[in-house]
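The lines below spell out each chain.
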Amino acid sequence: EQIKKMQAIIKQCRTDLTIETRRIRASSLGKVELPYKLTKDCQSLLETAVSKMYLDQQEILSMLSIASTIAKLDNIIEIRPSHLAEALQYREKL
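**Concerning the environment of Thr 39**
Next up, step 1: As for its position among the elements, Thr 39 is in the loop between α1 (2-26) and α2 (40-53).
Next up, step 2: Using a relative accessible area of 17% as the deciding quantity, one classes Thr 39 as buried.
Next up, step 3: For the pair Thr 39 and Ile 79, spaced 40 residues apart in the sequence, the C-alpha separation amounts to 6.4 Å.
Next up, step 4: Look past the residues within four positions of Thr 39 in its chain and what remains in contact with it is Glu 78, Ile 79, Arg 80 and Pro 81.
Next up, step 5: At 3.1 Å, the side chain of Thr 39 and the backbone nitrogen of Cys 42 are in polar contact.

Have a look at this one:
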């Protein structure tokens, strides 16, 4: 019975930690200075991706770097939603 109580406490702690980690990651976008030019639609898509995929700052910048390269291959200065969506597809699955 004591083991079950301990397991329940551990499970609750893990849940709390996961929720806090998600909250921190979702707020990461506001702290990142983006060296890329994004359309407004792209900015909205990025905010959605950050909150749903729990991207951290390094992942955001890496993904934007890929999206920027895709935009350059299209001879476009701004990153558009299609470029960002393609970059998101290349993200490693954990």
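**Here we look at the packing of α2 against helix α4 (residues 81-89)**
Next up, step 1: Running from N to C, α2 and α4 point in directions that differ by 25°, and their axes come no closer than 8 Å. Viewed along their axes, α2 and α4 adopt a mutual orientation that is roughly parallel. Within the contact between the two elements, α2 uses Asp 41, Cys 42, Leu 45, Leu 46, Ala 49 and Met 53 and α4 uses Pro 81, Leu 84, Ala 85 and Leu 88.
Next up, step 2: Looking at the contact of α2 with α4, its residues break down into 9 nonpolar, no polar and 1 charged.

**A look at the side chain of His 83**
Next up, step 1: With respect to the helices, strands and loops of the structure, His 83 is situated in helix α4.
Next up, step 2: You can call His 83 buried: its relative accessible area is 2%.
Next up, step 3: With near-sequence residues (within four places) excluded, His 83 lies in contact with Ala 67, Ile 70, Ala 71, Asp 74, Ile 76 and Glu 78.

Rules of the game
Residues numbered from 1 in each chain as written. Predicted model: local features only at pLDDT ≥ 70, side-chain atom pairs only at ≥ 80, totals over all residues. Heavy atoms only, no water. Helix = DSSP H or I, 4+ residues; strand = E, 2+ residues; numbered from the N terminus. Buried < 20%, exposed > 50% of the residue type's maximum accessible area, 1.4 Å probe, protein only. Contact = heavy atoms within 4.5 Å. Polar contact = N/O pair within 3.5 Å; in protein donor to acceptor, adjacent residues only side chain to side chain. Axes fitted to C-alpha atoms, helices over the stretch in contact; angles between N-to-C directions. Parallel < 35°, antiparallel > 145°, perpendicular 65-115°, else oblique. Nonpolar A, V, L, I, M, F, W, Y, C, P; charged D, E, K, R; others polar.

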